[in-house]
Amino acid sequence: MTREPALLDGLRTPATPPPLDWLTLGDAFEAACLLRCTPPPTAARPGTTPRSYTPAVEFNREDAAQRMRQLLGRLDIPVTHEAAVGGLRRRYELHRLWVPREHHRTYTRLLDAGWWQGRRELLGGPLPGASPARRRWVSRLAASAWRSALLAGGRHVRRHILGVRITDRELAAVLIRGAAVLDVPARLRPGTGCFLVSVADGPDRERILSSAALEPARRPAC
């Protein structure tokens, strides 16, 4: 018996927030996934929940920070981007995003609602009689979860697999289900302080990478 059902069954959903429209949901869910890819506080154990949507988040890759900045901009949440370079023999970059105090409540509300609504759409399974439009959006949610993990998670690339290391237990469940929505079988392997979610090299890897590619920037809704 695989571990995936036990992983999914152990998750709990809080009180259902007001639903977001699909465009807002797509951006808020992806931003929440990016946040969940970042390491938890030192005192927290891997997989602990819930994760607070702190007004500051740090990434060690510029493309992840820029994607987060783009998503928050589309949600009308201003953000300040600070970059720093550290290290002596091995140089590294650190990108920190700050949300102004007056926008903390909106930021928290949107990311929290986006995460739980997007998670529910993905983990709820195929909906009998669901419209083609809804099925397309669920596929987009699956792709955005993988895009976030590939941008901000720990990539684990080997000759035979494409994998990501993450510390968030719920995001691991979303990635497993998201891969299934994209018609790609994924494997889950618990590691030391993290989870490794991987897909096989070849057509499965190419389908994930193609689905998770950044889409052309859309214009804000009038």
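Residues numbered from 1 in each chain as written. Predicted model: local features only at pLDDT ≥ 70, side-chain atom pairs only at ≥ 80, totals over all residues. Heavy atoms only, no water.

Caption draft 1: Focus on the side chain of E121. Locating E121 in the fold gives a position in helix α4 (residues 104–123). In terms of polar contacts, E121 uses its side chain to reach the side chain of R134, at 2.7 Å. (Helix = DSSP H or I, 4+ residues; strand = E, 2+ residues; numbered from the N terminus. Polar contact = N/O pair within 3.5 Å; in protein donor to acceptor, adjacent residues only side chain to side chain.)

Caption draft 2: Main features of the sheet that holds strand β5 (residues 161–166). A sheet is described by the order of its strands in space; here 4 strands give the open sequence β4-β5-β7-β6, paired in antiparallel fashion. At either end of the open sheet lies a strand with only one pairing partner, and these are β4 (154–157) and β6 (186–190). Here the strands of the sheet are splayed against their neighbours by 25° on average, with no regard to which way each runs. Across 5 bridges, the pairing between β6 and strand β7 (residues 195–200) is antiparallel. Of the residues in β7, the one forming a bridge with L188 is V197. In the packing of helix α7 (residues 203–212) onto the sheet, the strands contacted are β4, β5 and β7, and the crossing angle to β7 comes to about 110°. (Pairing = 2+ DSSP bridges. Axes fitted to C-alpha atoms, helices over the stretch in contact; angles between N-to-C directions. Contact = heavy atoms within 4.5 Å.)

Caption draft 3: Structural detail: the sheet that holds strand β3 (residues 92–98). The antiparallel open sheet is built from 3 strands, whose spatial order is β1-β3-β2. Two strands close off the open sheet at either side, each with one partner strand: β1 (56–59) and β2 (80–86). Put simply, the sheet's adjacent strands are angled 20° from each other on average, direction ignored. Sheet analysis places β2 next to β3, joined by 7 bridges and oriented antiparallel. Counted as the bridge partner of A83 is H95 from β3.

Caption draft 4: Main features of the packing of aromatic side chains. Tallied over the entire structure, the rule returns 2 aromatic pairs. Taking 5.8 Å as the distance between ring centres and 15° as the angle between the ring planes, the aromatic pair formed by W22 and W137 counts as stacked. Of this pair, W22 sits in helix α2 (residues 22–37) while W137 is found in helix α5 (residues 132–152), placing the two residues 115 residues apart along the sequence. When its relative accessible area of 28% is taken as the criterion, W22 is described as partly exposed. The exposure class assigned to W137 is buried, which follows from its relative accessible area of 17%. The side chain of R36 reaches across the aromatic face of W115, ending 4.0 Å from its centre. (Phe/Tyr/Trp six-rings, centres within 6.5 Å; stacked < 30°, edge-to-face > 60°. Buried < 20%, exposed > 50% of the residue type's maximum accessible area, 1.4 Å probe, protein only. Lys NZ or Arg CZ within 6 Å of the ring centre and 35° of its normal.)

Caption draft 5: Geometry of the packing of α5 against α7. At a minimum axis separation of 8 Å, α5 and α7 run at an interaxial angle of 95°. Of the possible angle classes, the one that applies to α5 and α7 is roughly perpendicular. Contacts between α5 and α7 involve A143, W146, R147 and L150 on the former and, on the latter, I208, L209, S211 and A212. Grouping the amino acids of the contact of α5 with α7 by side-chain chemistry returns 6 nonpolar, 1 polar and 1 charged. (Parallel < 35°, antiparallel > 145°, perpendicular 65-115°, else oblique. Nonpolar A, V, L, I, M, F, W, Y, C, P; charged D, E, K, R; others polar.)

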